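# Structural overview for review
Single-letter residue listing:
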Amino acid sequence: MKLNGPVKPMNETYTLGPLQIGPPCCDPEPLIRVDNLSLYYGVKPALENVSLDIYKGCITALIGPSGCGKTSFLSVLNRMTDMIPDCRVSGKVHFNGRDLRDLALDVQGLRRDIGMIFQKPVPFPLSIRRNIELPLREHGISKQAELNDVIQQVLQDVGLWVEVKDRLESSALALSGGQQQRLCIARALALKPKVLLMDEPCSALDPISSGVVEDLIQRLRGKYTVVIVTHNLAQARRIANYAGFFWIRDQQRAGCLIEFGQCKQIFEAPAHELTAAYVNGSRG
Amino acid sequence: MFKNVLTTVLIWLTALIVSGVFVWLLSDIVIHGLPRLSWAFLAEAPKNAGRSGGIGPIIISTLSILLVAMVTATPLSLATAVLLSEFTENDSVIGRLVRRSLDVLAGVPSIVFGLFGNAFFCIYLGLGFSILSGGLTLACMVLPILIRTAEEGLQATPDDYRLAAAALGMSRSATLVHLLLPSAAPALIAGLMLGVGRAVAETAALIFTSGYVDRMPDSLLDSGRALSVHIYDLSMNVAGGDTNAYSSALMLILLLLIINSIAMSLAKQWLHRDIVLYE
Ligand SMILES: Nc1ncnc2c1ncn2[C@@H]1O[C@H](COP(=O)(O)OP(=O)(O)OP(=O)(O)O)[C@@H](O)[C@H]1O
Ligand SMILES: [Mg+2]
């Protein structure tokens with residue numbers, strides 16, 4: 001069941017390997033197990049009773065209407081919820097066999113393992129080189145030769161090396177939106193994460209750059225575990241192995257998971273009528 | 001139609017009046033002050049109560065007072081601003097308390113600072129009339145400006161930086177040192193210059209603290225006369241001191257310009273090394 005052949009002529013500026021298209025990918029091996037997760041902002045519930053498994057090496061897409069808690073769900077996984085005052089999380093989230101909600105957990109180490117990409121690219125107002133170097137130095141890598149190697153490696157991984165290798169010292173803010181987003185992905189990859197959380201990574205980009213970033217995400221498959229939130233159903237269908245459909249329960253305005261399964265099944269044979277209506281575009 | 005024309009004319013008129021006043025003031029000082037200005041004037045000690053001679057010791061005293069004030073006030077204000085903007089909630093009790101007291105402090109007339117400085121630094125701490133007392137008093141006086149500008153500069157840095165840095169596993173202190181402070185640097189420098197401007201122009205607070213003595217100071221515990229005090233003395237108390245008052249005023253303006261441009265170029269170099277805001 002492996003679809004592994006290169007569908008496009010291999011673009012030699014990438015070093016992540018050939019594009020893999022479409023679901024499913026491999027035998028499911030859960031890397032993150034979410035069990036009965038609920039999340040509250042103050043007293044207002046934003047997510048209730050979400051249970052799902054994130055499978056290793058696969059791309060999992062989260063879809064659903066605005067405000068149903070997709071971003072909140074992602075921020076539980078790398079404990080960004082810590083930064084929001086009076087945000088409360090209950091339930092179990094296991095990563096690598098440890099409870100993520102453990103207060104004694106090394107959060108900085110966790111965020112190194114589970115990286116996050118935001119909707120709007122956030123390059124730091126530093127040079128392209130410093131953008132990647134700064135977090136690396138923070139994690140204790142300080143030999144210049146080693147840093148240079150990692151910088152070149154990750155920039156090649158995201159297909160940015162050829163475009164920027166002559167201006168590593170100039171401002172990252174001068175890059176185009178798509179280049180900035182790829183730089184942010186490179187910056188996250190430099191920390192050698194196991195999981196990448198992406199919150200609508202293409203929605204602030206033009207169609208061409210969006211396509212480039214989408215290709216890049218597909219190349220991450222197998223080497224990284226990717227969880228991506230997207231409002232672009234066609235994109236979810238193209239790239240994801242698994243898909244989860246979130247919805248807002250009408251009474252409490254709390255988000256919940258309606259259906260989770262292989263992407264193909266969610267889009268072609270949804271078990272729930274809400275899912276069917278949403279993926280066919282008649283609701284949401 | 002008529003309303004539009006009227007508004008335009010009024011706006012231009014105000015702009016013209018404001019810049020006219022500034023030009024008139026400046027040219028008055030330059031015309032009267034420039035003829036006496038020379039290297040000798042800058043180096044010599046004042047003679048005959050300042051009617052002749054130069055302002056050498058006075059420049060030294062001014063710079064020393066300024067140095068004491070800024071060296072004390074800058075780290076204090078930076079620390080407070082960081083505390084206010086990064087480590088307290090906007091509506092927390094301590095945040096509100098500190099902000100409120102700063103606003104009150106900023107509105108206190110400088111003569112009150114002078115009396116306070118005299119009572120506290122000169123008498124209570126036993127520093128006497130000295131450059132140290134004057135500098136510390138000025139530090140208290142510019143603290144509110146420095147803190148508020150630094151805090152605003154820090155709060156103006158996008159929250160996205162804090163989130164993205166946290167998502168990369170960076171600690172709050174590293175984020176502060178490597179990202180937030182450098183991004184806020186232009187605002188910090190601007191605040192610093194505002195503080196220097198106020199400190200260098202201060203007269204009332206210094207009369208009671210650093211004193212009148214126009215000799216060359218031997219140490220920070222010596223009394224020293226600041227340029228602004230010198231100008232005040234020459235124009236109010238010394239008959240025939242007007243020309244030298246003008247020259248001293250011109251020197252004061254030049255001093256500010258020089259400090260400003262040095263700070264700007266230092267900031268630029270620093271920014272260029274650490275942070276690249278533009279191509
Ligand atoms: N920091 C916060 N404080 C209070 N409420 C919040 C906060 N962040 C999100 N919410 C609320 O939680 C609910 C879920 O928000 P969330 O951002 O997770 O939705 P989303 O699915 O990502 O939406 P979108 O597709 O628009 O990005 C919303 O009702 C939102 O108003
Ligand atoms: Mg969202």
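Notes on the structure follow. As the structure is a computational prediction, the values presented were derived from the model and not from experiment.

### A short note on unusual backbone geometry
- Not every positive phi belongs to a glycine, and A:Asp86 is a case in point at roughly 45°.
- As for its placement among the helices and strands, A:Asp86 is situated in the loop between α1 (70–77) and β4 (87–95).

### Thoughts on the environment of B:His230
Residues and elements named next belong to chain B.
- One can find His230 in helix α10 (residues 227–236).
- For His230, a relative accessible area of 1% puts it in the buried group.
- Contacts of His230, omitting those with residues within four sequence positions, involve Pro46, Gly50, Ile55, Ile58, Arg225 and Ser248.

### Let's talk about the site of ligand 1
Residue and element names in this part refer to chain A.
- Around ligand 1, a shell composed of 13 residues is seen, among which Ser66, Lys70, Thr71, Ser72 and His231 lie nearest.
- With respect to ligand 1, the side chain of Lys44 contributes an N or O atom lying 3.4 Å from an oxygen atom.
- The backbone of Cys68 places a nitrogen or oxygen atom 3.3 Å from an oxygen atom of ligand 1.
- In isolation ligand 1 has 630 Å² of accessible area, and contact with the protein removes 63% of it.
- For the shell around ligand 1, the secondary structure elements donating two or more residues are β2 (44–55) and α1.
- In terms of residue count, α1 provides more of the shell around ligand 1 than any other element does, three residues in total.
- In terms of residue class, the shell around ligand 1 is built from four nonpolar, six polar and three charged.

### Some thoughts on the nonpolar core
- In terms of nonpolar packing, the biggest core is built from 107 residues, with A:Ile32, A:Leu37, A:Phe73, A:Leu155 and A:Met198 touching the most fellow members.
- When residues of this core are assigned to their parent elements, the largest contribution, seven residues, is made by helix α8 (residues 172–201) of chain B.
- The contact partners of A:Met198, leaving out residues within four places of it in the chain, are A:Leu74, A:Ile117, A:Ile185, A:Ile217, A:Leu220, A:Val226, A:Val227, A:Ile228 and A:Val229.
- Residues B:Met70, B:Phe113, B:Met193 and B:Ala199 belong to the second largest nonpolar core, which totals 44 residues.

### What about the pairing of β2(A)?
Residue and element names in this part refer to chain A.
- Burial analysis of β2 places nine of its 12 residues in the buried class, which makes it a mostly covered element.
- Pairing between strand β1 (residues 30–41) and β2: eight bridges, direction antiparallel. Looking at the pairing, Tyr41 lines up with Lys44 of β2.
- The hairpin formed by β1 and β2 contains two residues between the paired strands, and Gly42 there has a positive phi angle of roughly 65°.

Definitions and cut-offs
- Residues numbered from 1 in each chain as written.
- Chains lettered and ligands numbered in written order.
- Predicted model: local features only at pLDDT ≥ 70, side-chain atom pairs only at ≥ 80, totals over all residues.
- Heavy atoms only, no water.
- Helix = DSSP H or I, 4+ residues; strand = E, 2+ residues; numbered from the N terminus.
- Buried < 20%, exposed > 50% of the residue type's maximum accessible area, 1.4 Å probe, protein only.
- Contact = heavy atoms within 4.5 Å.
- Near = heavy atom within 4 Å.
- Polar contact = N/O pair within 3.5 Å; in protein donor to acceptor, adjacent residues only side chain to side chain.
- Areas by Shrake-Rupley, 256 points an atom, 1.4 Å probe, with all protein chains shown as cover.
- Nonpolar A, V, L, I, M, F, W, Y, C, P; charged D, E, K, R; others polar.
- Core = buried A, V, L, I, M, F, W, Y, C linked by side-chain atoms within 4.5 Å.
- Pairing = 2+ DSSP bridges.

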